[in-house]
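# Residue-level structural notes
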Amino acid sequence: MGAGGLESDVWVTADGQAVLDHDGLVRSSRWRRKRPISDCRRDELPDHIPALAELYSECGTNFELSLDLKDAGAASAVVDSVDAVAADTGEALRERLWLCHPDVDTLVLLRKQWPDVRLCNSTRLSRMDGGPERRAAVLAESGIDSVNLHQTDWTGGLVTLFHRFGVLCFGWDAQQPRVLNELLDMGIDAVYSDHVDRLRMALDSWYPDR
């Protein structure tokens with residue numbers, strides 16, 4: 001449909017596999033209650049939960065991939081999986097991988113470990129200690145590539161502020177055409193939407209030659 005990227009939450013199984021799921025809890029006929037993915041082996045998970053490598057196998061590699069890190073070991077498992085696919089395809093997949101986390105200190109550690117992976121601070125405006133200008137400065141100093149805020153947090157002035165520090169601006173939960181057009185008018189760099197048709201229509205109206 002023309003989407004330029006995909007997004008998911010990523011978890012790590014008990015045997016170290018990066019898998020994609022929203023809630024991180026699974027139910028099985030063998031268990032009375034839901035269990036955390038971290039307590040389950042990969043072969044114990046339901047079929048609808050794919051491993052990261054299976055995403056690439058089904059969808060190819062020609063897209064940006066944004067992953068919300070949902071547990072501490074997720075980053076290593078993700079990078080290992082991406083590198084294995086890259087070795088098979090000969091593509092530089094780390095350059096199209098975005099690891100997202102709300103904690104700046106966690107992102108700083110990830111930057112030291114993987115200089116070539118894209119990093120994103122997913123947060124809310126109300127949670128920025130010291131305000132947005134301080135956050136923009138910290139992200140720039142730490143080499144964090146982008147900030148991801150709910151679409152209701154963004155204003156044109158805020159986009160300009162983060163751009164002044166060289167930080168890319170992402171907006172999530174952009175579902176309605178009005179919201180998509182407002183974000184693009186602000187100069188947002190990327191949007192997360194469940195409606196690819198609406199997203200393509202908005203992009204085509206703003207960037208007809210793209």
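Preceding this paragraph is the structure being described.
What you see is a predicted model; the values in this text were computed from it and never measured.

With that settled, consider the sheet that holds strand β9 (residues 168-172). Pairing within the open sheet is mixed, and its 8 strands lie in the order β2-β1-β5-β6-β7-β8-β9-β10. The two strands at the open ends of the sheet, each matched to only one other strand, are β2 (18-20) and β10 (190-191). Pairing of β9 with β10, which is carried by 2 bridges, proceeds in the parallel orientation. Note on β10: the bridge partner recorded for G171 is V191.

Okay, the packing of helix α1 (residues 52-59) against helix α2 (residues 74-89) next. Running from amino to carboxyl end, α1 crosses α2 at an angle of 35°, the nearest separation of the two axes being 9 Å. Handedness of the α1/α2 crossing: right-handed. Contact residues: α1 offers L52, A53 and Y56, while α2 offers V78, S81, V82 and V85. Of the residues contributing to the contact of α1 with α2, the split by class is 6 nonpolar, 1 polar and no charged.

Turning to the pairing of strand β5 (residues 64-69), a few remarks are in order. Of all the 6 residues making up β5, 5 are buried; the element is thus mostly covered by neighbouring parts of the structure. Bridge count between strand β1 (residues 5-12) and β5: 6 bridges; the pairing is parallel. Within β5, the position partnered with E7 by the bridge is S66. Inspection of the sheet shows β5 paired to strand β6 (residues 97-101) by 4 bridges, in the parallel sense. Note that in β6 the partner of D68 across the bridge is C100. This β-α-β element, β5 to α2 to β6, shows right-handed connectivity.

Looking now at the nonpolar core. Judged by nonpolar contacts, the single largest core of 52 residues is most densely connected at L52, V78, L99, W154 and F162. When residues of this core are assigned to their parent elements, the largest contribution, 8 residues, is made by α2. Once residues within four sequence positions are removed from consideration, F162 is found in contact with M128, P132, R135, A136, L139, V147, W154, V167 and C169. I37, L45, I49 and A51 belong to the second-largest nonpolar core, a separate cluster that totals 8 residues.

So, on to the side chain of R135. Within the secondary structure layout, R135 lies in helix α4 (residues 131-142). Although buried, R135 forms no salt bridge, and the nearest oppositely charged side chain, D129, lies 5.4 Å from it. Apart from the residues within four sequence positions on either side, R135 is in contact with V104, N121, T123, R127, M128, D129 and F162.

All right, on to the packing of α4 against helix α5 (residues 156-164) then. Where α4 meets α5, the axes come as close as 9 Å, and the angle between the chain directions of the two elements is 30°. In this view, α4 runs roughly parallel relative to α5, as classed from their interaxial angle. Seen from above, α4 lies across α5 with right-handed handedness. Each of P132, E133, R135, A136 and L139 in α4 lies in contact with α5, whose residues at this interface are L158, L161, F162 and R164. Taken together, the residues of the contact of α4 with α5 break down into 6 nonpolar, no polar and 3 charged.

Every buried residue belonging to α5 is among L158, V159, L161 and F162, and all of these are buried. One side of α5 holds all its buried residues, which, seen down the axis, span an arc of 160°. The exposed residues of α5 that point more than 90 degrees off its buried face are G157, T160 and R164. Where α5 is buried, its residues contact α4, β8 (146-150), β9 and α6 (177-186). Following α5 by one or two positions, G166 adopts a phi angle in the positive range, close to 75°.

Each value, and the rule that gives it
- Residues numbered from 1 in each chain as written.
- Predicted model: local features only at pLDDT ≥ 70, side-chain atom pairs only at ≥ 80, totals over all residues.
- Heavy atoms only, no water.
- Pairing = 2+ DSSP bridges.
- Helix = DSSP H or I, 4+ residues; strand = E, 2+ residues; numbered from the N terminus.
- Axes fitted to C-alpha atoms, helices over the stretch in contact; angles between N-to-C directions.
- Left-handed = near helix turned anticlockwise from the far one by under 90°.
- Contact = heavy atoms within 4.5 Å.
- Nonpolar A, V, L, I, M, F, W, Y, C, P; charged D, E, K, R; others polar.
- Buried < 20%, exposed > 50% of the residue type's maximum accessible area, 1.4 Å probe, protein only.
- Right-handed = clockwise from strand over helix to strand, strands pointing away.
- Core = buried A, V, L, I, M, F, W, Y, C linked by side-chain atoms within 4.5 Å.
- Lys, Arg positive; Asp, Glu negative; His and termini not counted.
- Salt bridge = Lys/Arg side-chain N within 4 Å of Asp/Glu carboxyl O.
- Parallel < 35°, antiparallel > 145°, perpendicular 65-115°, else oblique.
- Arc of directions from axis to C-beta.

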